[in-house]
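Chain residues, written in single-letter form:
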Amino acid sequence: MNIKFYRTGLFSVALLLAVLWHGTAGAQATNWTKDGNQYYKIKDGEIMLVDARDDSKKTTWITRQMLTPQGQSPIAVRRFRLSDDGQKVLINNNTKRVWRYDTRGDYWVYDTNSKTLVKLGKGLPASSLMFAKFSPDGSKVAYVSEHNIYVENLADGKIKQLTTDGTKRLINGTFDWAYEEEFDCRDGFRWAPDGRNIAYWQIDASKIKNYLMLNTTDSTYSFTVPVEYPVAGEDPSRCRIGVVDINTAITKWMNIPGDPVQHYVTRMEWTKSPNEIILEQLNRAQTESKIFIANISNGTSRAIHQENNNAWIDGKSRWNNGNPVGWEWLNNGKEFLWVSEKDGWRHIYRITREGKETLITKGNYDITGIELIDETGGYIYFNASPNNATQNYLYRIKIKGGKEERLSPSSQPGTHGYEVSPNAKLAIHNFSNAYTRPQSEVISLPDHQHIAGEAIALDANAQNKTEFFKVKTVDGIELDGWMKKPANFDPNKKYPVVFYVYGEPASQTVTDTYGAGRNFLYTGDMAADGYIYMSLENRGAPAPKGAAWRKAIYKNIGTINIRDQAMGAKEVMKWPFVDSTRIAVWGWSGGGSSTLNLMFQYPEIYKTGIAVAAVGDQLTYDNIYQERYMGVPTTPEGREPFIKGSPITYAKNLKGNLLYIHGTGDDNVHYKNAEELINELVKYNKQFQLMSYPNRTHGISEGPGTTTHLRTLYTNYIKEHCPPGGR
């Protein structure tokens, strides 16, 4: 199964549903064998070896008996990785969440030669190890525990502590809240190719102020829960890159030009040389990217590439399924791949170590991800959808450039995902569209022929399919949309419309994937009850429609996206079967913010709104996300776009029915946003309904009965204030 990683900062429900249907975020990705013909799979507590060409050929590689420590029960395998020689397996279990994902836990090594199972980190706290990795020769494992880096010798079990200064706020080998949330940076150290050194990030968050969440239910007396959280306008954490010698435990710090507080290091890897690292540095505004190569012997660095943008520069996680790890080397380390929007489209380039660029993909289309670089065969396999921004297909192009070749079949319109095997001859192919449930098979490449598993089949019997459409607004902006019509739709009647909105640069809502047209918060069947359920995609959404489309929202969150939505709704309201007196809108997180802005800025359109976990005041959200899209608000002029785009600025205009929902334990969008909004609505005597969920986080899922209560609340409010059915 193709596991993708999804960020959750200001998440949209589309992202949440993607996680639900495509796999749990942070789960085990496919481990291929080096020949690319087989892969390893966790099944029933064991690790199986599966022939990708014939999935009936399975063997148990690591049994429960092998996974049973003496006198204990078998350990449960959460995820695993192999040593380079394939003789040892590193097993992660007993995992715990760090903010979003379960990235700390226990680690064990099973040696297939000696038939031994050994637990790592003796003497360290339980479930405290993070990002354990074999050394290149498989003789050692390095890991992080409580913000320090350790290395353990597998031959004798001796543990050496490589850093000693780690504290809650001085973070070695991993990241603080903001880096994790907004850059998808979690794993913060890398083995050198020769295994003699480890390069790592050190984040100094000691000057980051705490946001104090208030817990009033878990003890007789209330207490505060501090979260290090740099809001927009506050300085980021200090960042630097060190290289520690595993024999001496001495760190040498790299001398990277630029203020380490006013810059971010978002990527760092070794070059093909054990004496060099390569890294990407972004300025605080994220409008300038520089690539440096640093010499670890003397700590000097040199810039080999620079790019500037009038809006912002996306990191690798945007086109690598939320994963910024890795550097795409070519030609034995003399060149690497890079992705840039500098010509107005997201394209692939080759860059030499001297900084010379060569454009590989050309034309008016965006790549959406890179699946594999097959240097032996001379191809890059990538995703794109030049003709339909709601879909996704597999292409390949020669590394030297040329004409791209579509590999996904035209008979399967929708969204395709792939995990291409190392030999580029096979791939695990995942597919869904709005009316076809997710399916998975193994195919051959490049002919895309079915090899194993159940062959992909579109649902020919699907009823009342979600419809995709386009509307052009009065501003000349063409918006994509989907619509789920009522069952037994009668074109001579008028129906209520419930819009689902997100509206910010973190996610699309209008995609041809299974779940489009489904409202997971609604209890029952919206179509059967007589609703039109709909979503429109405004400018600023990360759709493959060119950089100008995506970056029109720069310094315009809360204005241009809101106008696009409202003007699109006005066009929809002209349709003869739409009841303009029953128009509702809802969204979560960034979508909650959009819902509030739509209710406040266009009260003549939207009569009912449900906003969940919304940012009411953009100056309260974290600096990395908000400054990326809105600029750095350290001057009155810099603060102006934040104020102009914030829902609290327009709360006095509320006329319709508003239900506001927020968890008081939300470490992402703080409950402060709810209280600022409440104060504004009270100030102007604007009546509304409020539901606060004690100690629930951004996803509002914790605690018995919470999900059922939230869905019931949502459904009852919609039915009461935007009654269903044709009239």
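Reading the values: the criteria
- Residues numbered from 1 in each chain as written.
- Predicted model: local features only at pLDDT ≥ 70, side-chain atom pairs only at ≥ 80, totals over all residues.
- Heavy atoms only, no water.
- Helix = DSSP H or I, 4+ residues; strand = E, 2+ residues; numbered from the N terminus.
- Rg over C-alpha atoms; globule rule 2.2 N^0.38 Å.
- Buried < 20%, exposed > 50% of the residue type's maximum accessible area, 1.4 Å probe, protein only.
- Contact = heavy atoms within 4.5 Å.
- Areas by Shrake-Rupley, 256 points an atom, 1.4 Å probe, with all protein chains shown as cover.
- Lys, Arg positive; Asp, Glu negative; His and termini not counted.
- Charge placed at Lys NZ, Arg CZ, Asp CG, Glu CD.
- Salt bridge = Lys/Arg side-chain N within 4 Å of Asp/Glu carboxyl O.
- Pairing = 2+ DSSP bridges.
- Arc of directions from axis to C-beta.
- Phe/Tyr/Trp six-rings, centres within 6.5 Å; stacked < 30°, edge-to-face > 60°.
- Lys NZ or Arg CZ within 6 Å of the ring centre and 35° of its normal.
- Core = buried A, V, L, I, M, F, W, Y, C linked by side-chain atoms within 4.5 Å.
- Polar contact = N/O pair within 3.5 Å; in protein donor to acceptor, adjacent residues only side chain to side chain.
- UniProt positions renumbered as here; feature names shortened; annotations may be inferred.
- Right-handed = clockwise from strand over helix to strand, strands pointing away.
- pLDDT = per-residue confidence, 0-100.

Time to look at the overall build of the protein. Looking only at helices and strands, the protein features ten helices and 43 strands. Relative to the 2.2 N^0.38 estimate, which gives 27 Å for 727 residues, the radius of gyration of the protein is 26 Å and therefore close to what a compact globule would have. For the protein, the residues scored as buried account for 60% of the 727 residues in total. Restricting to contacts in the protein with at least 6 residues of sequence separation, those with at least 24 account for 59%. Accessible area of the protein: about 28,500 Å², with a carbon and sulfur share of 48%. One finds the centroid of the 85 positive side-chain charges in the protein at a distance of 1 Å from the centroid of its 79 negative side-chain charges.

Another aspect to go through is the pattern of salt bridges. This model, assessed by the stated rule, comprises 39 salt bridges. Its salt-bridge partner being Glu 335, residue Arg 350 comes within 3.1 Å of it at the nearest N-O pair. In this pair, Arg 350 sits in strand S26 (residues 347-352) while Glu 335 sits in strand S25 (residues 335-340), placing the two residues 15 residues apart along the sequence. On the basis of relative accessibility, which here comes to 14%, the residue Arg 350 falls in the buried class. Between Arg 539 and Asp 564 there is a salt bridge, and its shortest N-O distance comes to 2.8 Å. Of the two residues, Arg 539 sits in the loop between strand S39 (532-537) and helix H4 (547-551) while Asp 564 sits in helix H5 (residues 560-572), which places them 25 residues apart along the sequence. Residue Asp 564 is classed as buried on the basis of its relative accessible area of 0%. Each member of the salt-bridge network shares a partner with another, and the members are Asp 314, Arg 318, Glu 341, Arg 346, Asp 366, Arg 550 and Lys 551.

The next subject is the sheet that holds strand S4 (residues 58-62). Read across the sheet, four strands follow the order S1-S2-S3-S4 without closing on themselves; strand pairing throughout is antiparallel. Each edge of the sheet is formed by a strand with only one pairing partner; in this case those strands are strand S1 (31-32) and S4.

Okay, the sheet that holds strand S30 (residues 393-398) next. An order of S28-S29-S30-S31 is seen for the four strands of this open sheet, with the pairing classed as antiparallel. Unpaired on one side and paired on the other, strand S28 (367-374) and strand S31 (405-406) mark the two borders of the sheet. With six bridges joining them, S28 and strand S29 (residues 379-384) adopt antiparallel strand pairing. By the bridge assignment, Ile 373 is partnered in S29 with Ile 380.

Our next topic: the pairing of strand S35 (residues 449-453). Looking at chain direction, strand S34 (residues 436-444) and S35 are connected through four bridges and run antiparallel. Of the residues in S35, the one forming a bridge with Glu 441 is Gly 453. In textbook terms, the turn of a hairpin is the stretch between consecutive antiparallel strands, and for S34 and S35 this stretch comprises four residues, one of which, His 448, has a positive phi near 55°.

Along helix H8 (residues 636-645), the residues classified as buried are Gly 638, Pro 641, Phe 642 and Gly 645. The arc that holds the buried residues of H8, viewed along the axis, is 95°, so those residues lie on one side. Facing away from the buried side of H8 by more than 90 degrees, the exposed set consists of Pro 636 and Glu 637.

Attention shifts here to the packing of aromatic side chains. The full count for this structure, using the stated rule, is 30 aromatic pairs. Summarising the aromatic geometry, the rings of Trp 575 and Phe 577 are spaced 5.8 Å apart at their centres and angled 45° between planes, so their arrangement reads as tilted. What makes Phe 577 buried here is its relative accessible area of 13%. One aromatic cluster is present, formed by Trp 177, Tyr 229, Trp 312, Tyr 554, Tyr 621, Tyr 625 and Tyr 629 through successive ring pairs. Positioned above the aromatic ring of Phe 489, the side-chain terminus of Lys 485 is 4.5 Å from the ring centre. Against the face of Phe 577 rests Lys 485, its NZ or CZ located 5.1 Å from the ring centre.

Residues Ile 277, Phe 499, Trp 586, Phe 600 and Tyr 606 are the most contacted members of the largest nonpolar core, which totals 118 residues. Other than its neighbours up to four places away in sequence, Phe 499 contacts Met 534, Leu 536, Ala 569, Val 572, Ile 583, Ala 584, Val 585, Trp 586 and Tyr 606. Residues Leu 330, Val 339, Tyr 395 and Ile 397 belong to the second largest nonpolar core, which totals 16 residues.

Along the polypeptide, Asn 31 turns up in strand S1. The class for Asn 31 is buried, based on a relative accessible area of 19%. In this structure the side chain of Asn 31 is engaged in a polar contact, spanning 3.1 Å, whose partner is the backbone oxygen of Phe 80. Ignoring anything within four residues of it in the chain, the contact list for Asn 31 reads Gln 38, Tyr 39, Tyr 40, Phe 80 and Arg 81.

Turning to the UniProt feature "domain: Peptidase S9 prolyl oligopeptidase catalytic" (unreviewed entry) in the protein, a few remarks are in order. Within the UniProt annotation, "domain: Peptidase S9 prolyl oligopeptidase catalytic" (unreviewed entry) is assigned to residues 526-707. Secondary structure within residues 526-707 divides into 36% helix and 19% strand; the distance between the first and last C-alpha atoms comes to 18 Å.

Here we take up the pairing of strand S42 (residues 657-663). With six of seven residues buried, S42 lies mostly within the body of the structure. Bridge analysis of strand S41 (residues 608-612) against S42 gives five bridges, and the strand direction is parallel. Counterpart to Ala 611 in the pairing with S42 is Tyr 660. When S42 meets strand S43 (residues 689-693), the two strands line up parallel, connected through five bridges. Following the sheet pairing, Leu 659 is matched in S43 by Gln 689. Regarding topology, helix H9 (residues 672-683) serves as the crossover connection from S42 to the parallel S43, and that connection is right-handed.

With that settled, the discussion passes to the confidence of the model for the protein. Looking at the protein as a whole, the pLDDT averages 94, with 96% of positions reaching at least 70. Considering only residues more than four positions removed or in separate chains, one finds that residues 1-9, a stretch of pLDDT under 50, has 49 contacts.

Let us look at unusual backbone geometry. Cis geometry marks the peptide bond from Leu 445 to Pro 446, where omega comes out at 5°. Following the sequence through the fold, Pro 446 ends up in the loop between S34 and S35. Despite not being glycine, Asn 94 shows a phi value in the positive range, around 55°. By relative accessible area, Asn 94 is classed as partly exposed at 38%. A positive phi is found at His 448, a non-glycine position, where the angle reads about 55°. Following the sequence through the fold, His 448 ends up in the loop between S34 and S35.

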